[in-house]
Amino acid sequence: MPELPEVETIVRSLRKLTAGRRILKYHPLRNDYIHQGLEHRKKVTNSVIQEVERRGKYIAIHLSNNFSLLHHLGMSGRLLLQPGSDPLEKHTHLRILLDDGSVELRQRDPRRFGFAAILPSVELKTFVSWSHLGADPFRLRAPRFYALMAGRKQAVKSFLLDQRRIAGLGNIYTDEALFRAGIHPVRPTGQISSAEAGRLLQCIRTVLRESIVAGGSSTNDYQRLDGTLGLFQHKHRVYRRVGLPCPICHRKIEKLVLNGRSTHYCPGCQT
DNA sequence: ATGATTTCCTGTAGGC
DNA sequence: TGCCTACAGGAAATCA
């Protein structure tokens, strides 16, 4: 499930490997995977990739013709840069041919929770889910973070998963950050002190930064742009580690279900 | 307004 | 071996 570190890893590779290259063809294999702007698909031919931007878990590829390509990987989505001659893998919904077609960007997504879209760049800021995104965790300031949580009963983990509040966290990094901060996932946000909020924000940033360095977490479907696996799954302390000893207090990691999400925590360290 | 629940989708794992 | 069910979860829509 690509979250901020996985998407950031892909975006950094995209910047390095696709900037300045020309698009030969935008070729959807499943029209219903293109949630918006399918009618613009022929207009991107001959445009040049100028800039690749990440916001939360979204990827925006800005083109020279004032269009932007928007991508979300959902939970099983992959964006892969590969030779156009490679055999077409199952669940490939979109091909973006580059240069003379010898190289292409492919979006694969078995569960189809992700999507792609083509938008005039000026319309990106009115695209609902993009425009409603909350602050990037690296930019958010602690007092603002604390103010967002104050006075609410919502479980802190549910709050962290809400992309309109803070953008980019998913199930892995909420569990890992809450563990590092020593905060129980079900604690109401209103009961979190200013000091705890500051610590939590620091833990969020640290775990995200460490994961980016490791190229993200490959627990299920996630692969980097070149198809290799990320390495941060080996550093998880609680996520999917039910019954294994806590690295701090050695009590067994437990799991509960919160809003339909499996939630992993240490009953000793997190209060 | 807030927050919980349901829905979409398919590959994989486990039970019998 | 094969069939069945449960599970994984991002985010929009719906419900209480």
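Refer to the structure printed above.
Quantities reported herein were computed from a predicted structural model and do not represent experimental measurements. (Residues numbered from 1 in each chain as written. Chains lettered and ligands numbered in written order. Predicted model: local features only at pLDDT ≥ 70, side-chain atom pairs only at ≥ 80, totals over all residues. Heavy atoms only, no water.)

Caption draft 1: Expanded view of the overall build of chain A. A tally of helices and strands in chain A yields 6 helices and 11 strands. A compact globule built from 271 residues would reach a C-alpha radius of gyration of about 18 Å, and chain A, at 20 Å, matches this within 12%. Dimensions of chain A, computed from C-alpha atoms along their principal axes, come out at roughly 60 × 35 × 30 Å. Burial statistics for chain A: of 271 residues in total, 55% are counted as buried. Considering only contacts within chain A whose residues lie at least 6 apart along the sequence, 64% involve residues at least 24 apart. Here chain A displays about 12200 Å² of accessible surface, and carbon together with sulfur accounts for 50% of that area. For chain A, the separation between the mean place of its 43 positive charges and that of its 23 negative charges on side chains is 5 Å. (Helix = DSSP H or I, 4+ residues; strand = E, 2+ residues; numbered from the N terminus. Rg over C-alpha atoms; globule rule 2.2 N^0.38 Å. Buried < 20%, exposed > 50% of the residue type's maximum accessible area, 1.4 Å probe, protein only. Contact = heavy atoms within 4.5 Å. Areas by Shrake-Rupley, 256 points an atom, 1.4 Å probe, with all protein chains shown as cover. Lys, Arg positive; Asp, Glu negative; His and termini not counted. Charge placed at Lys NZ, Arg CZ, Asp CG, Glu CD.)

Caption draft 2: The environment of Ala 167, seen in detail. With respect to the element layout, Ala 167 can be found in the loop between α4 (156-161) and α5 (171-181). Residue class for Ala 167 comes out buried when judged on its relative accessible area of 1%. In sequence terms Ala 167 and Gly 56 are 111 residues apart; their C-alpha atoms lie 4.4 Å from each other. Residue contacts for Ala 167: discarding those within four places in its chain leaves Leu 4, Gly 56, Leu 133, Gly 134, Ala 135, Asp 136 and Pro 137.

Caption draft 3: Examining the pattern of salt bridges more closely. Scanning the model with the defined rule gives 15 salt bridges in all. Arg 30 serves as the salt-bridge partner of Asp 32, at 2.8 Å between the closest nitrogen and oxygen. Here Arg 95 and Glu 104 are joined by a salt bridge, their closest N and O atoms 2.7 Å apart. You'll find Arg 95 and Glu 104 in the same group, each marked buried. Here the salt bridges share partners, and the residues they tie into one network are Glu 8, Arg 12, Arg 54 and Asp 136. (Salt bridge = Lys/Arg side-chain N within 4 Å of Asp/Glu carboxyl O.)

Caption draft 4: Representation of the protein's contact with DNA strand B. In the vicinity of DNA strand B, the contacting residues are Lys 90, His 91, Pro 110, Arg 111, Arg 112, Phe 113, Arg 152, Lys 153, Gln 154 and Asn 259. Sugar plus phosphate, as a fraction of atoms of DNA strand B within 4 Å of the protein: 65%. In the model, a phosphate oxygen of DNA strand B is placed 3.0 Å from a nitrogen or oxygen of the Arg 112 side chain. With respect to DNA strand B, the backbone of Lys 153 contributes an N or O atom lying 3.1 Å from a phosphate oxygen. Tallied by class, residues from the surface near DNA strand B come to 2 nonpolar, 3 polar and 5 charged. (Near = heavy atom within 4 Å. Polar contact = N/O pair within 3.5 Å; in protein donor to acceptor, adjacent residues only side chain to side chain. Nonpolar A, V, L, I, M, F, W, Y, C, P; charged D, E, K, R; others polar.)

Caption draft 5: Broad picture of helix α1 (residues 4-18). Here α1 contains 15 residues, and its C-alpha end-to-end distance of 20 Å stays within 8% of the 21 Å for a straight helix at 1.5 Å per residue. Listing the buried residues of α1 in full gives Leu 4, Pro 5, Glu 6, Val 7, Glu 8, Thr 9, Ile 10, Val 11, Leu 14 and Thr 18. Taken from the residues just after α1, Gly 20 is the one with a positive phi, measuring 85°. (Expected span 1.5 Å × (residues − 1).)

Caption draft 6: Seen up close, the protein's contact with DNA strand C. In the vicinity of DNA strand C, 17 residues are found, and the nearest of them are His 72, Met 75, Phe 113, Ser 129 and Tyr 239. Of what DNA strand C places within 4 Å of the protein, 57% of the atoms are sugar or phosphate. Tyr 239 is positioned such that a nitrogen or oxygen atom in its side chain is 2.6 Å from a phosphate oxygen of DNA strand C. Within the side chain of Arg 261, one N or O atom sits 2.9 Å away from a base nitrogen of DNA strand C. In terms of residue class, the surface near DNA strand C is built from 5 nonpolar, 7 polar and 5 charged.

Caption draft 7: Representation of the packing of α5 against helix α6 (residues 194-213) within the structure. One way to put it is that α5 packs onto α6 with a least axis distance of 8 Å and a crossing angle of 125°. Classified by the angle between their axes, α5 and α6 sit oblique to one another. The handedness of the crossing between α5 and α6 is right-handed. Contacts between α5 and α6 involve Tyr 173, Glu 176, Ala 177, Leu 178, Arg 180 and Ala 181 from the first element and Arg 199, Leu 200, Cys 203, Ile 204, Thr 206, Val 207, Leu 208, Glu 210 and Ser 211 from the second. For the contact of α5 with α6, the per-class residue count stands at 9 nonpolar, 2 polar and 4 charged. (Axes fitted to C-alpha atoms, helices over the stretch in contact; angles between N-to-C directions. Parallel < 35°, antiparallel > 145°, perpendicular 65-115°, else oblique. Left-handed = near helix turned anticlockwise from the far one by under 90°.)

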